[in-house]
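# Results of the structural survey
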Amino acid sequence: MKAIRLRTDYLKEPLGLGNPKPRFYWNCEGGVKQTAYQIVAKVGDETVWNSGKVQSSSMTHICYAGRELKSRERVTWAIKLWDENDVGGEVCSSWFELGLLNPSDWKAKWITGDYKPDRKWRCSVDCFRKIFSAKKKVANARLYASARGVYDVIINGHRVEDFVLAPGMTDYRKRIQYQTYDVTSLLKEGNTIELRLADGWFRGSSAAYGVTNVYGTQTSVIAQLEITYVDGSRETVCTNELWSWSNDGPIRFADLKDGEIVDSRMKPSYCARAVVADAPKNVPLIASGNVPVREKERFEAKQLPGNVLDFGQNIAGYLEFTVRGKPGQVLKIRCGEILDENGNVDLSGIQESRPVKGWSQMGLIKKLMTGTVDGEAVDTPLQEIAFTCSGGEDHYKTSFAVFGFRYVQIKTKVAIDPADFAAIAVYSDMEQTGDFTCSNELVNKLLQNTRWSMKGNYLDLPTDCPTRERLGWTGDAQIFFDTGAYLMDTAAFFRKWLIDMEDAQYKDGLLPAVLPYQGVEMMYKATGVSVGWADAVYLIPYRYYKRFGDKNMLERSWPMMKKYADYVMSHLGHSDKKEAKANPYNAYTYEKGMHLGEWLEPAEFQEKISAGKQPKHPEEATAYLHLTMKTMAEIADILGKAEDKSVFLRIAVGSKKAYDHLIVKAGLLDTDRQAKLVRPLALGLLDGDTKKQAQERLVKAVENFNYCVGTGFLSTVFLLPMLTEAGAVEAAYKMLENTQKPSWLGEVVDGATTVWENWDGTASRNHYSPGAVCQWLFDTVAGIQVSGENSFRIVPVPGGALTYAKASYQSPYGVVESSWEKTCDGVKYMVTIPANTTAEVLLPTGLRKTLGAGQHEIK
Ligand code: BGC
């Protein structure tokens, strides 16, 4: 038996790790059971930790316990496993390298351009340069860099691309990530290092309204290049006031959402000097523990009429092209997700407007209240590139912007060859972990579309869409968490975002609805409390624990969850005194605050069934109160906090009674409105006959709506699981396979390549939350569920018109597979269980079996 898929702190061979006591992870290959492991960690020839032979079957969260590790040390760790016969196997190894662990390791200074920024104007990209020589033969070189803004690094003409849009996004008032790059192979005797600095999330346009200067008006960058020569001597090149600077380079304007203006006739003159900027006060520079943001898939263009190029796939990413125009000739390029009826790129579904002059506080308040903009307005985001040709052959690749697009429209007199254009997807470089295919190609396409929406929205933080808002909406992240965790390895990605969540919490316990902070606080603080959104604070750490078995993270998140729960508990009861008096369960009823409610139920459905807008949402709020208090009680139990557990249990029990009083007893469950039935079923608010009646009513509601989706933002994810639990498997499959809109496959039939925000595709075309239905494909159709350390449940549910389905999932404990096929002899099931794990298999026939490692056919 040997260890495979070795990881350190969830990362593959991380360079610049910030944690000197990392945890180790692996999977097993060969053999049935791991009975022992031994880890030997070395720095050079020195053994820094020898675990000895540890009798254990654990292959996750094994904490380094050797001598204290220091900044820059590169640790190789080798692991040997013993199998069920106590036979030791092949030794396998991996490594990690520590970053700069102490603030005093930083000798470089923060530098900025030699100009006084003004809130009212937008700046061109700052270029910094240092020329230096490497005096001897270089053994290795590391570059540590960060920015308040976004930066990139060019060494001897080569752009270091290992993390694009670095340093990524955090609340720059609380923490700033730095990156570590291995630049050994780029150094020569004479060297030029250039840093480019753009606005990014720090100063560029943000959120739906194009607010700028969210974190400040002055961007700055820091870089430290540490060279070790073959003879062991060292040299460090640091940013400081001696670096040259100018802002007259080709990138005249760069904004993450609006795009770039590039004049290829220009070259930075570096005619002035950098200015030393104030170092951020009490803001630690921390090693990025997330997977890097990288350039991924490339797409070729197909020419359409009107100088429109179609890349065939809606992505978040940018453009690369080569053109040969006359000097000064311009290409104006708009990037968008759809075309209008005349074949032009149409951004109307993803744009808002903002004043040309930028927002004033009052102007923004007015916009939020009335939807109007004073004075001359401009669309936001623009998603445009304006490129001026030099006269020779010009090569362009976007540096500091990302667009949500499938199409581009080019206005130019320059002759265009589509073969010279490519679209490049850009996202956090997570490993693909899950796959699902079945006999219905449209369902397969839905899964691919969902993965593309995930790729389009997991760029250092989980966002709602890559266009209009591009914000870390808590609700979207919460709803999609499990689906995302099947599709790609999100362990490092969500560890980072959970820390962003800690940063975002207000003193009173409240969380904003979007995080990290991106301005427009009055709006995102008010909506932050909304159930289903704010509840990400409990639901994500809980699901993270269930998925990755990470108790440390749960413990770390506990104070944050508890603080929010305390906030909620101090806001229970009706706000209206009369209602409060009339409700015997007032103390367990929740409605205070601004709740968004179900949000986005199909318009036609709302017209037919709901009577206009609900200003308050006691139904949704009390239902989520029950779910979250139950979840908190379970977490308190896991963490051994008995007193807390009993408090949360009391509220869980009380809120169920309150729900019963408000909704069930009031006869509100006799409805065709699917969300009103799905929610209490999914959140565990009903029992016995009431539950049975609600299940039957749901099946009828679904039938009455021709098996179309009638839920909105919060409940769509629960629809198929609740139908399955109600025993209405065929109804669930009918909904999945329905192509009549509103439905998941309706979009697919309409040519979707990502998941849409609303069913008719008039808003954003890249919103993953409705794609959370794919969780059901994994955990129910194929039936793959992680049930604990080294154990799975396999509970496949065949049905519908599907003749086969198969899924594989690279879980934290190894690759598990489940498939079924309808044959003339009945359904044939195949299950593959990874080494060192077991699975409890439960088939619809009632057959129940515990299986060990290996491939199994079950009839
Ligand atoms: C976003 C959503 C988000 C919602 C809050 C929308 O504008 O795009 O996905 O959760 O606002 O209701």
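Let us look at the structure shown here. For clarity, every value in this text was computed on a predicted model and none was experimentally measured. (Residues numbered from 1 in each chain as written. Predicted model: local features only at pLDDT ≥ 70, side-chain atom pairs only at ≥ 80, totals over all residues. Heavy atoms only, no water.)

## Overview of the overall build of the protein
The secondary structure content of the protein amounts to 18 helices and 45 strands. With the C-alpha coordinates of the protein rotated into their principal frame, the extents come out at 80 × 75 × 60 Å. Counting the 859 residues in the protein, one finds 61% classified as buried. In the protein, of all internal contacts separated by at least 6 residues, the share reaching a separation of at least 24 is 73%. Accessible surface, the protein: about 32,400 Å² in total, of which carbon and sulfur atoms supply 49%. (Helix = DSSP H or I, 4+ residues; strand = E, 2+ residues; numbered from the N terminus. Buried < 20%, exposed > 50% of the residue type's maximum accessible area, 1.4 Å probe, protein only. Contact = heavy atoms within 4.5 Å. Areas by Shrake-Rupley, 256 points an atom, 1.4 Å probe, with all protein chains shown as cover.)

## Focus on the environment of Val 283
Note on placement: Val 283 falls in the loop between strand E23 (275–276) and strand E24 (285–287). We classify Val 283 as buried; its relative accessible area is 13%. Once the C-alpha coordinates of Val 283 and Ile 176 are considered, the two residues, 107 residues apart in sequence, prove to be 7.0 Å apart. Once residues within four sequence positions are removed from consideration, Val 283 is found in contact with Tyr 172, Arg 173, Lys 174, Arg 175 and Ile 176.

## A few points about the site of the ligand
Taken together, Asp 464, Arg 468, Glu 469, Trp 473, Asp 476, Trp 533, Leu 596, Trp 599, Phe 713, Glu 757 and His 767 form the complete shell of residues around the ligand. A distance of 2.7 Å is found between an oxygen atom of the ligand and a side-chain nitrogen or oxygen belonging to Arg 468. The contact in question runs from an oxygen atom of the ligand to an N or O atom on the side chain of Asp 476, over 2.6 Å. Contact with the protein chains hides 93% of the accessible area of the ligand, taken as 310 Å² for the molecule alone. For the shell around the ligand, the residue count by class is 5 nonpolar, 1 polar and 5 charged. (Near = heavy atom within 4 Å. Polar contact = N/O pair within 3.5 Å; in protein donor to acceptor, adjacent residues only side chain to side chain. Nonpolar A, V, L, I, M, F, W, Y, C, P; charged D, E, K, R; others polar.)

## Points about the nonpolar core
Core analysis: the largest hydrophobic core is formed by 268 residues, its most contacted members being Trp 26, Phe 421 and Tyr 564. Of the residues forming this core, the biggest block, 10 residues, is contributed by helix H11 (residues 618–638). Residues Leu 304, Val 308, Val 345 and Tyr 407 belong to the second largest nonpolar core, which totals 6 residues. (Core = buried A, V, L, I, M, F, W, Y, C linked by side-chain atoms within 4.5 Å.)

## Observations regarding the pairing of strand E5 (residues 46–50)
Across 4 bridges, the pairing between strand E4 (residues 36–43) and E5 is antiparallel. Following the sheet pairing, Ala 41 is matched in E5 by Trp 49. Connecting E4 to the next strand, E5, in antiparallel fashion are 2 residues, including Gly 44 with a positive phi near 60 degrees. (Pairing = 2+ DSSP bridges.)

## Digging into the pattern of salt bridges
For the coordinates displayed, the defined rule picks out 69 salt bridges. One salt bridge in this structure joins Glu 241 and Lys 109, with 3.3 Å as the shortest N-O distance. Placement of the pair is Glu 241 in the loop between strand E18 (234–238) and strand E19 (244–246) and Lys 109 in the loop between strand E9 (92–98) and strand E10 (111–112), with a sequence separation of 132 residues. Residue Glu 241 is classed as partly exposed on the basis of its relative accessible area, which comes to 34%. A single salt-bridge network, built from bridges that share partners, covers Asp 152, Arg 159, Glu 161, Arg 196, Glu 295 and Lys 397. (Salt bridge = Lys/Arg side-chain N within 4 Å of Asp/Glu carboxyl O.)

## Digging into the sheet that holds strand E40 (residues 804–811)
With antiparallel pairing, 5 strands are arranged side by side in an open sheet as E37-E40-E41-E42-E45. Looking at strand neighbours, the two that pair on one side only are strand E37 (434–438) and strand E45 (854–858), the edges of this open sheet. Across the sheet, the mean angle from the axis of one strand to that of its neighbour is 5 degrees, orientation sign disregarded. Sheet analysis places strand E41 (residues 814–823) next to strand E42 (residues 826–833), joined by 7 bridges and oriented antiparallel. In the strand pairing of E42, Ser 819 is matched with Met 830. (Axes fitted to C-alpha atoms, helices over the stretch in contact; angles between N-to-C directions.)

## As for the side chain of Glu 337
Along the chain, Glu 337 falls in the loop between strand E28 (330–336) and strand E29 (338–339). One buried charged residue, Glu 337, forms no salt bridge at all, with the nearest opposite charge on Arg 765 at 6.0 Å. Among the polar contacts made by the side chain of Glu 337, one reaches the side chain of Asn 314 at a distance of 3.4 Å. Looking at Glu 337, its side chain comes within polar contact range of the main-chain nitrogen of Arg 765, at 2.9 Å. Filtering out sequence-adjacent residues up to four positions away, Glu 337 remains in contact with Asn 314, Ile 350, Gly 404, Phe 405, Arg 406, Tyr 407, Thr 467, Ser 764, Arg 765 and Asn 766. (Lys, Arg positive; Asp, Glu negative; His and termini not counted.)

## A few points about unusual backbone geometry
Each neighbour pair has its own omega, and for Ala 166 with Pro 167 the value is 10 degrees, a cis peptide bond. As for its placement among the helices and strands, Pro 167 is situated in the loop between strand E14 (158–159) and strand E15 (176–182). Of note, the bond from Thr 380 into Pro 381 is cis; its omega dihedral lies within 30 degrees of zero at -5 degrees. In this structure, Pro 381 sits in the loop between strand E32 (377–380) and strand E33 (384–388). You will see that Asn 213, though not glycine, has its phi angle at about 55 degrees, which is positive.

## Here's the deal with the packing of aromatic side chains
On inspection of all chains with the given rule, the structure shows 43 aromatic pairs. These aromatic residues form a ring-pair network of at least three members: Tyr 10, Tyr 25, Tyr 458, Phe 480, Phe 481, Phe 493, Phe 494, Trp 497, Tyr 544, Phe 548 and Tyr 768. One cation-aromatic arrangement involves Arg 547 over Tyr 486; the distance from NZ or CZ to the ring centre is 4.2 Å. (Phe/Tyr/Trp six-rings, centres within 6.5 Å; stacked < 30°, edge-to-face > 60°. Lys NZ or Arg CZ within 6 Å of the ring centre and 35° of its normal.)

## Some details on the packing of helix H7 (residues 536–548) against H11
Remark: H7 packs on H11, axes separated minimally by 10 Å, with the N-to-C direction vectors making an angle of 45 degrees. Relative to H11, the element H7 lies oblique. When you trace H7 past H11, the crossing you get is left-handed. Only Leu 627, Thr 628, Met 629, Thr 631, Met 632, Glu 634, Ile 635 and Ile 638 of H11 make contact with H7, whose side of the interface consists of Tyr 538, Leu 539, Tyr 542, Tyr 545 and Lys 546. When grouped by side-chain class, the residues that make up the contact of H7 with H11 number 9 nonpolar, 2 polar and 2 charged. (Parallel < 35°, antiparallel > 145°, perpendicular 65-115°, else oblique. Left-handed = near helix turned anticlockwise from the far one by under 90°.)

## Digging into helix H8 (residues 551–569)
If you check H8, its first and last C-alpha atoms are 25 Å apart, about what 19 residues at 1.5 Å a residue would give, namely 27 Å. Along H8, the largest kink reaches about 40 degrees and is centred on Trp 558; proline Pro 559 follows within four residues of it. Those residues of H8 that are buried are in contact with helix H5 (491–504), H7, H11 and helix H12 (642–664). Measuring from the backbone nitrogen of Asn 552 back to the side-chain oxygen at the start of H8 gives 3.2 Å, which picks out Asp 550 as the cap. (Expected span 1.5 Å × (residues − 1). Bend = angle between axes of the 7 residues up to and from the residue.)

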